[in-house]
Amino acid sequence: MLSYTKALWLILLLGIGLRLYRIDGPFSDWHQYRQFDTAAIARNFSADSLNIFYPRVDWRGNSPGYVEVEFQAFTFLVAALYRAFGVHEWLARALNILLYVLTAILLYKMAGRVFNRLAGLFAAGFYSILPLSFSVSHNFQPDTFMVLCTLAGIYYFWIWTEEGRLPALAISAAATAIAAMIKPFCLYAAVPLIYLCWRKFGWRFLARPVLWIYAAFVVAPMAAWYLHAYHLWEIYGNTFGIFGGRIKGMYLGGDSPHDRLLYNLASRLVWMIATPVGLFFLAAGFWVRPPSRNYVFHWWAVGFLATVPLVPAGHAGHYYYQLPLVLIVAAAMGWGFAWLMERRNLSWRWAAVACIAIFACSLWTVRPMIAFGAELKERIAFGQRVEQLTPANALIVFCYPLDYRPTWYSHRTLDGDLIAGDPTDFYNSRRKGWSLFIWQTSPELLRKLQAHHAEYFATFYPKYLYEQRPEMKSFLADNATPVEVRGRWVLYQFHPANQTAASGLNQVK
């Protein structure tokens, strides 16, 4: 039999090996637009300034690009790597692999103390292979860092309650503060933290000044950051929809499609978070009392589930919001396996069969999540072609289709129009400018953007553009010069303003 430490390192090597797959590939994972945004912020940090308080996006119009967004700790670290080794997207994935390793080790230690070492080993193994964990830690997103900080905040707080070591409390406060700055809903961690306080001190914990200082240390930086971020929206007009850019609803999800919320969550639990085979062991792990009589994972689950009605839009539309749940599920599944094996209801042979089945389900689920389709390949080629055909400082208007009217918009023009913020074409072309939905692309809006120094118009979706906005074909013919017109994309250069005005006068005559 392998020692637990050696077995853990074998698990970690397996997890690392899986995540090295296409580490230098394009952003083909689900929610690729979010990855392009994250990558653009990191690249702009590296190219412009490493001032973490002023993140920049590319769909900025002719503004400096400062944006209302979550605290950019992850992109700041990536930018530092870019400064040292050059701009290579695989560096961000390598950083996420390191964060995955640290998370798996910490989960092994925490589950091992709450349940037993065998359960901790299984927990680390399941976290390494479950589809949601693999997908998010394989792509260019900050959520792996957020999950590590949340886990560290809870684990080291527990260590402090058990051993009274102030360094552990300091680590917990710093980690929880960073998690809350990255995603404010991480304040749900207060539920397991309050449980740990009550478990150790009873309700007397409310009279302990150090805990009030801890709470202030966590909440104050988060509040300060989002006040600053909202100030960036008010001045520069760029937002990720936290507070700015909304025409109805609010950040807490008042505009969420509630009818799909429960279906999406249930489907993800079955296929992405636990897998069908793992559901049985998940139920067993939550049902059986932990040997330590410590229900921190149960209360952690309660706290996380409370965020679903608070942030329904995020949970319904973005699977990576459920990444913290994978930690809880992996620990419960690990304890379910260990308990059944200790009672000899599950032999090592059948445990291996079940683990292989979970691994197979995970591979099957992950396959479409990281598929690299022909359309994405062509769209990347489109962006690279725009880069070849336009000056480096050119301001470009890109447009793309959307079959519904959103309730918030990413950019506010100098004329007060609210427009889109798709980063894909900007990132691939290394250009800046404006992003429009096709249904809001009009001659009137383009004339406004020309007045603010827009020089080019491009789209990867000309067929949809001319179907939905037929007047655009004649507008471009009269007011722009074709640079490259293909069946799959078009690129036009606007006529100078005086030439456009003369053309309009001739039409009037």
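Please refer to the structure higher up on the page.
Asker: Before we move on, can you summarise the environment of glycine 336 with the specific residues and values?
Answerer: Following the sequence through the fold, glycine 336 ends up in helix 15 (residues 323-342). Of the residues examined, glycine 336 reaches a relative accessible area of 0% and is grouped as buried. Distance from glycine 336 to alanine 374, taken between C-alpha atoms, is 42 Å for residues 38 residues apart in sequence. What glycine 336 contacts, discounting residues up to four positions off in sequence, is Phe281, Ala284 and Gly285.

Asker: With reference to specific residues and values, describe the packing of helix 1 (residues 4-19) against helix 5 (residues 117-129).
Answerer: Contact pair helix 1 / helix 5: the axes reach a minimum separation of 9 Å and the direction vectors enclose 5°. The pairing of helix 1 with helix 5 is recorded here as roughly parallel in orientation. Facing helix 1, whose interface residues are Tyr4, Thr5, Ala7, Leu8, Ile11, Leu14, Gly15, Leu18 and Arg19, helix 5 presents Arg117, Leu118, Leu121, Ala124, Gly125, Tyr127, Ser128 and Ile129. Taken together, the residues of the contact of helix 1 with helix 5 break down into 11 nonpolar, four polar and two charged.

Asker: I'd like to hear about the side chain of threonine 176, residue by residue, with values.
Answerer: Topologically, threonine 176 is positioned in helix 8 (residues 166-182). Its relative accessible area of 8% is what places threonine 176 among the buried residues. Only 3.2 Å separates the side chain of threonine 176 from the side chain of tyrosine 214, close enough to count as a polar contact.

Asker: A description of a nonpolar patch on the surface should follow, citing residues and the corresponding values.
Answerer: Taken together, the side chains of Ile194, Trp198, Trp203, Leu206 and Trp212 define a hydrophobic patch exposed on the protein surface, amounting to about 610 Å² of accessible area. Here isoleucine 194 shows up in helix 9 (residues 190-201). A relative accessible area of 40% means that isoleucine 194 is categorised as partly exposed.

Asker: Just give me the short version of the pairing of strand 1 (residues 395-400), but keep the residues and values in it.
Answerer: Taken across its six residues, strand 1 has six buried, putting it largely inside the fold. Across six bridges, the pairing between strand 1 and strand 4 (residues 432-437) is parallel. Pairing of phenylalanine 398 across the sheet is with serine 435, part of strand 4. The pairing of strand 1 with strand 5 (residues 456-459) spans four bridges and is parallel. In the sheet register, phenylalanine 398 faces strand 5, and the bridge partner there is alanine 458.

Asker: Give a detailed account of the side chain of histidine 495, specifying residues and quantitative values.
Answerer: By secondary structure assignment, the location of histidine 495 is in the loop between strand 7 (490-494) and helix 22 (497-508). On the basis of relative accessible area, histidine 495 is assigned to the buried category, the value being 14%.

Calculation notes
All residue numbers refer to positions counted from 1 along the written sequence of the respective chain. Where local features are concerned, this predicted model is filtered to residues with pLDDT of at least 70; where side-chain atom pairs are given and counted, the filter is 80 or more; whole-chain, interface and lining totals use all residues. In computing side-chain values, all of the structure's heavy atoms are included and hydrogens and water are not. Numbering goes from the N terminus for both helices and strands, where a helix is a DSSP run of H or I of at least four residues and a strand is a run of E of at least two. The buried label goes to any residue with under 20% of its type's maximum accessible area, the exposed label to any with over 50%, and the partly exposed label to all in between, with areas taken from a 1.4 Å probe on protein chains only. Any pair of residues with heavy atoms lying within 4.5 Å of one another is described as a contacting pair. Every angle, taken between N-to-C directions, lies between 0 and 180 degrees, and every axis is a line fitted to C-alpha atoms, over only the stretch in contact when it is a helix. Any angle from 65 to 115 degrees is called roughly perpendicular, while one under 35 is roughly parallel, one over 145 is roughly antiparallel, and all others are oblique. Any residue that is not Ala, Val, Leu, Ile, Met, Phe, Trp, Tyr, Cys, Pro, Asp, Glu, Lys or Arg is counted as polar, Gly included; the first ten are nonpolar and the last four charged. As used in this structure description, the phrase polar contact means that two N or O atoms lie within 3.5 Å; if the pair is within protein, one of them must be able to donate a hydrogen and the other to accept it, and residues adjacent in sequence are counted only when both atoms belong to side chains. Like charges are joined within 9 Å and nonpolar side chains (Val, Leu, Ile, Met, Phe, Trp, Tyr) within 5 Å, but only among residues with over 30% relative accessible area and no salt bridge; these make up the patches. Method for areas: the Shrake-Rupley scheme with a 1.4 Å probe, in which residue coverage is limited to the protein chains shown. Here, a salt bridge means any side-chain nitrogen of Lys or Arg that lies within 4 Å of a carboxyl oxygen of Asp or Glu. A pair of strands is considered paired only if DSSP assigns at least 2 bridges between the two.

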